[in-house]
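Tertiary structure, described
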Amino acid sequence: MLALHGNKFNHNLIVQNPDGFDEICKTADFLIGNGFNIVFNQIISKLMVNDFPEIIKRISSIPCKSRLTIPTYVPTERMRKYQTLRANYDDCMKIAEMAEKSNMCNKSLINNCKYHSEIAVINNIFENGFNYEIEKANSINWTFFNIIQNLDMYYGNAGAHTKLLGNIKNMSVNELYNSIKACQKNYDYTSYYDDNVFYNLSKHLKHLSVGDNNLVYSSKEDCIYSWLDLLKIRNAIID
């Protein structure tokens with residue numbers, strides 16, 4: 001799967017690499033030429049609205065599949081800067097319409113607009129309440145870790161470290177096992193924030209002003225992360 005953020009200029013702008021687009025194209029040619037099936041993962045942003053027809057024309061000329069993806073939100077400085085490019089409801093619906101005309105599956109994008117736009121999420125919370133015990137019980141039972149080059153092992157999702165478990169070079173098998181066993185799932189709500197933040201979520205959100213942007217996220221949790229970050233609620237990321 002190859003991530004594509006827009007036309008050549010905008011792709012290179014977002015990935016901060018002047019050769020990024022050319023590298024993607026060369027990689028696609030190499031993989032196809034060696035018998036691999038490839039998927040272009042089109043990352044939706046405001047810039048993609050104008051770029052979409054050009055991108056569709058380009059990827060339609062090569063044997064590949066394509067998908068539309070709303071970027072996740074991680075409370076880091078890089079992601080905060082990206083927020084200026086995050087697509088809103090109207091942007092996403094325009095892209096979904098163009099995708100349909102190009103016979104591209106847009107169901108996931110439409111569902112994100114319907115359920116994970118800021119207005120949809122805030123209305124759902126205040127109309128139906130937010131019971132964290134239920135939300136947590138229904139969350140995916142996955143736990144993520146990351147081992148960096150010096151063999152330090154961290155607990156954390158999406159490359160965001162929230163706890164150092166130790167250096168696996170210096171840990172016994174039992175120490176490693178017990179460190180992993182003690183960690184709770186961290187796929188969604190507990191990825192970057194402590195439980196107490198979500199038990200008090202409604203209180204925090206009373207201070208929130210969503211505004212007219214109506215940005216779209218890949219999940220309810222991601223939308224909430226962005227609000228907690230905007231409200232400067234302390235997260236658990238350690239580096």
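What this report covers is the structure whose coordinates are included nearby. Since this is a predicted model, take the numbers as computed values, not measurements.

Now for a nonpolar patch on the surface. Where nonpolar side chains cluster on the molecular surface, the patch consists of Ile140, Trp142 and Tyr187 and spans about 290 Å² of accessible area. The exposure class assigned to Tyr187 is partly exposed, which follows from its relative accessible area of 33%.

Our next topic: the layout of surface pockets. The volume enclosed by the largest pocket comes to roughly 480 Å³. In terms of lining, the largest pocket is formed by 17 residues, of which the most central are His5, Ile14, Arg78, Met79 and Tyr82. Those elements that provide at least two residues to the lining of the largest pocket are helix H1 (8–15) and helix H4 (77–82). Considering each element in turn, the lining of the largest pocket owes the most residues, four residues, to H4. For the lining of the largest pocket, the residue count by class is 11 nonpolar, four polar and two charged. Roughly 330 Å³ of internal volume is contained in the second largest pocket. Residue composition of the lining of the second largest pocket, by class: eight nonpolar, seven polar and three charged.

The subject of this paragraph is the sheet that holds strand S1 (residues 2–4). In a beta sheet, neighbouring strands are held together by backbone hydrogen bonds and run either parallel or antiparallel to one another. Ordered by their spatial adjacency, three strands build an open sheet running S1-S2-S3, and the pairing between neighbours is parallel. At either margin of the open sheet sits one strand with a lone partner, and together these are S1 and strand S3 (65–69). Taking each pair of neighbouring strands and ignoring which way they run, the sheet shows an average axis angle of 30°. In the sheet, S1 pairs with strand S2 (residues 39–43) via three bridges, with the strands oriented parallel. Within S2, the position partnered with Ala3 by the bridge is Asn41. Contacts between helix H2 (residues 20–33) and the sheet are confined to S1 and S2, with S1 contributing the most and set at about 145° to the helix.

Further remarks concern the pairing of S2. Here S2 lies mainly inside the structure; four of its five residues are buried. Taken together, the five bridges between S2 and S3 define a ladder with parallel strand orientation. When the bridges of S3 are listed, Gln42 appears paired with Leu68. Between the parallel pair S2 and S3, the chain is carried across by helix H3 (residues 48–59), and the sense of this crossover is right-handed.

Evaluated as defined, the whole model comprises seven salt bridges. In this structure, Lys8 engages Asp22 in a salt bridge whose closest nitrogen and oxygen atoms are separated by 3.3 Å. Of this pair, Lys8 sits in helix H1 while Asp22 sits in helix H2, and the two are 14 residues apart along the sequence. Assessed through its relative accessible area of 30%, Asp22 is described here as partly exposed. For the salt bridge of Lys46 with Asp91, the shortest nitrogen-to-oxygen distance reads 3.3 Å.

Moving on to the sheet that holds strand S6 (residues 163–167). Strands sit in the order S4-S5-S6 across an open sheet of three strands; the sheet is antiparallel. On the outer flanks of this sheet lie strand S4 (145–147) and S6, each paired with one strand and no other. Strand-to-strand, the axes of this sheet are offset by a mean angle of 25°, without reference to chain direction. Relative to S6, strand S5 (residues 152–155) runs antiparallel, the two being bridged by four bridges. Considered in S6, the bridge of Tyr154 is made with Leu164.

Reading the values: the criteria
Per chain, residues are indexed from 1 in the order of the written sequence. Where local features are concerned, this predicted model is filtered to residues with pLDDT of at least 70; where side-chain atom pairs are given and counted, the filter is 80 or more; whole-chain, interface and lining totals use all residues. To get the side-chain values, all heavy atoms of the structure are used, and hydrogens and water are removed first. Think of a patch as exposed residues, more than 30% relative accessible area, with no salt bridge, where like charges cluster within 9 Å and nonpolar side chains (Val, Leu, Ile, Met, Phe, Trp, Tyr) cluster within 5 Å. Areas reported here follow the Shrake-Rupley algorithm with a probe of radius 1.4 Å; residue values treat only the protein chains shown as occluding. Put simply, a salt bridge is a Lys or Arg side-chain nitrogen that is within 4 Å of an Asp or Glu carboxyl oxygen. Summary of the burial criterion: residues with accessible area below 20% of their type's maximum are buried, those above 50% are exposed, and those between are partly exposed, where the area comes from a 1.4 Å probe applied to protein chains only. The method works on a 1 Å grid over the protein atoms by themselves. A cavity is a set of points holding a 1.4 Å probe that cannot get out, a pocket is an open set with protein on both sides within 12 Å along at least five of seven lines, and residues with an atom within 4 Å of a point line them. Grid points are joined across faces, edges and corners, and a volume is the space filled by probe spheres set on the points. Labels follow the DSSP assignment, with helices taken as runs of H or I lasting at least four residues and strands as runs of E lasting at least two, numbered in each case from the N terminus. Each residue is assigned to one class: nonpolar for Ala, Val, Leu, Ile, Met, Phe, Trp, Tyr, Cys and Pro, charged for Asp, Glu, Lys and Arg, and polar for all the others, Gly among them. Strands qualify as paired when DSSP identifies two bridges or more between them. The axes are straight lines fitted to the C-alpha atoms, using for helices just the contacting stretch, and the angles between their N-to-C directions are given from 0 to 180°. Here a residue-residue contact requires only that any non-hydrogen atoms of the pair lie within 4.5 Å. Orient the strands so they point away from the viewer; a crossover is then right-handed if the path from the first strand over the helix to the second runs clockwise.

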